[in-house]
Amino acid sequence: MKSILHAEQITKVYQTKNARNEALHPTTLTIHQAEFVSIMGPSGAGKSTLLNLLSTIDQPTDGTIHINGEDVTGMREKQLARFRREQLGFIFQDFNLLDTMTVEENIALPLALQQLPKTDILARVTSVAQELGISDLLKKRPVELSGGQKQRTAAARAIVHQP
């Protein structure tokens, strides 16, 4: 089975003048295509740090991360921004929906950033909204949604560009 993510001995250390905090001890992880993975542990164990590193939001102090065969730890910021936009889909714990936009606009945002034609954007948004059962919410704003509806909107935004 194909590996879609491989992290090799990644660590994260935050250093100040007076203290050294090892937020993530050396960690190796491989995730294969079609695998579902849960990250569990007590508060302060490094779960969020690990996810931030794997998602390229933060950079490891040591180690390497390969996503779909590409070494993301060696990428510069512009390359990482493009990689994130084209290859990854994010669903944040607090959804990160933009309250000034409709559900439709929130879902369309990754496609608009890729500068796809409006007809393609509308077709994809309509399709993913239908798939997730939120077609009737497209003209609403996030403040009008329940938690579950916000979660499905965030999921739609994460998968609409087929990462």
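See the structure above.
A. Fine view of the pattern of salt bridges. Overall, the coordinates contain four salt bridges when judged by the stated rule. In this structure, the salt-bridge partner of Asp58 is Lys12, at a minimum N-O distance of 3.3 Å. Taken together, the residues span a long stretch of sequence, with Asp58 in the loop between helix 1 (47-54) and strand 3 (62-67) and Lys12 in strand 1 (residues 3-15) at a distance of 46 residues. Accessibility expressed as a relative area gives 23% for Asp58, which makes it partly exposed. Looking at Lys12, the relative accessible area reads 10%, which means it is buried. Between Lys139 and Glu104 there is a salt bridge, with the nearest N and O atoms lying 2.6 Å from each other. Taken as a pair, Lys139 in the loop between helix 4 (118-131) and helix 5 (147-159) and Glu104 in helix 3 (residues 103-113) lie far apart in primary sequence, 35 residues in all. A residue is classified by how much of its surface remains accessible, and Glu104, at 17% relative accessible area, is buried.

B. Representation of helix 3. Buried within helix 3 we find Val103, Glu104, Asn106, Ile107, Ala108, Pro110 and Leu111. Buried residues along helix 3 sit against helix 4 and helix 5. Positive phi appears at Gln115, one or two residues downstream of helix 3, with a value of about 60 degrees.

C. Here's a closer look at the nonpolar core. Within the largest apolar cluster, 16 residues are counted, with the highest numbers of intra-cluster contacts made by Leu5, Ile10, Leu54, Ile65, Ile67, Val72 and Phe83. Looking at this core, the elements with two or more residues in it are strand 1, strand 2 (20-32), helix 1, strand 3 and helix 2 (77-87). In this structure, Phe83 is in contact with Ile67, Glu70, Val72, Met75 and Leu88, ignoring residues within four places of it in sequence. Membership of the second largest hydrophobic core comes to 14 residues, among which are Ala108, Val128, Leu137 and Val160.

D. Quick peek at the sheet that holds strand 1. Pairing in this open sheet of four strands is antiparallel, and the strands run 2-1-3-4 from one edge to the other. Edge positions in the sheet fall to strand 2 and strand 4 (70-71), since each of these pairs with one other strand and no more. Taken together, the nine bridges between strand 1 and strand 2 define a ladder with antiparallel strand orientation. What sits directly across from Gln15, in strand 2, is Arg20. Running over the sheet, helix 1 touches strand 1, strand 2 and strand 3 and is turned about 120 degrees from strand 1.

Conventions adopted
- Residues numbered from 1 in each chain as written.
- Predicted model: local features only at pLDDT ≥ 70, side-chain atom pairs only at ≥ 80, totals over all residues.
- Heavy atoms only, no water.
- Salt bridge = Lys/Arg side-chain N within 4 Å of Asp/Glu carboxyl O.
- Helix = DSSP H or I, 4+ residues; strand = E, 2+ residues; numbered from the N terminus.
- Buried < 20%, exposed > 50% of the residue type's maximum accessible area, 1.4 Å probe, protein only.
- Contact = heavy atoms within 4.5 Å.
- Core = buried A, V, L, I, M, F, W, Y, C linked by side-chain atoms within 4.5 Å.
- Pairing = 2+ DSSP bridges.
- Axes fitted to C-alpha atoms, helices over the stretch in contact; angles between N-to-C directions.

So yeah, pure geometry; function would need other evidence.
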